[in-house]
Amino acid sequence: MADGAWCSSQNALLSSRRKRLVIAFASEFLTKRSRKIIKKLRKLDHLDVRQRHKLRIEIKKLRYAMEFFSSQYSD
């Protein structure tokens with residue numbers, strides 16, 4: 001992982017991703033995931049059992065991501 005092509009690639013996209021701060025990535029990632037969940041929660045009454053289960057899994061993934069990135073936030 002430390003020696004992958006993404007580390008030394010001259011590709012503009014990969015280069016910009018390397019320079020990005022973790023806190024900026026985390027904020028964007030958590031915001032996107034939260035918005036998707038909120039959107040689905042608005043339709044909760046219309047979700048079937050399978051869709052509700054998938055939603056619960058998405059919420060768990062958000063919680064795990066929040067725990068993972070929590071060290072980047074002071075409060």
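Just so it is clear, the model here is predicted, and its values are computed rather than measured.

Asker: Run through helix α4 (residues 49-69), naming residues and quoting values.
Answerer: When the terminal C-alpha atoms of α4 are compared, their 30 Å separation across 21 residues agrees well with the 30 Å that a helix rising 1.5 Å per residue should span. What α4 keeps buried is the set Leu55, Leu62, Ala65 and Phe69. The buried residues of α4 occupy an angular sector of 80° when projected down its axis, which confines them to one face. Along α4, the residues that are exposed and aim more than 90 degrees away from the buried face are Val49, Arg50 and Phe68. Against the buried residues of α4 lie α3 (22-41). Capping the start of α4 is the job of one residue whose side-chain oxygen sits 3.1 Å from the backbone nitrogen of arginine 50: aspartate 48.

Asker: So what's going on with the confidence of the model for the protein chain? Residues and values would help.
Answerer: Counting all residues, the mean pLDDT for the protein chain is 90, and 96% of those residues have values of 70 or more. Helix α1 (residues 5-8) is the least confidently modelled element of the protein chain, averaging 75 in pLDDT, while α4 averages 97, the highest of any element.

Asker: Any details on the nonpolar core? Residues and values, ideally.
Answerer: Inside soluble globular proteins, nonpolar side chains tend to come together where they are buried. Residues Ala26, Leu30, Ile37, Leu47, Leu55, Leu62, Ala65 and Phe69 constitute the largest nonpolar core, which totals eight residues. With four residues, α4 is the single largest residue contributor to this core. In contact with leucine 62, other than residues within four places in its own chain, are Leu30, Arg33, Ser34 and Ile37.

About the thresholds
- Residues numbered from 1 in each chain as written.
- Predicted model: local features only at pLDDT ≥ 70, side-chain atom pairs only at ≥ 80, totals over all residues.
- Heavy atoms only, no water.
- Helix = DSSP H or I, 4+ residues; strand = E, 2+ residues; numbered from the N terminus.
- Expected span 1.5 Å × (residues − 1).
- Buried < 20%, exposed > 50% of the residue type's maximum accessible area, 1.4 Å probe, protein only.
- Arc of directions from axis to C-beta.
- Contact = heavy atoms within 4.5 Å.
- Polar contact = N/O pair within 3.5 Å; in protein donor to acceptor, adjacent residues only side chain to side chain.
- pLDDT = per-residue confidence, 0-100.
- Core = buried A, V, L, I, M, F, W, Y, C linked by side-chain atoms within 4.5 Å.

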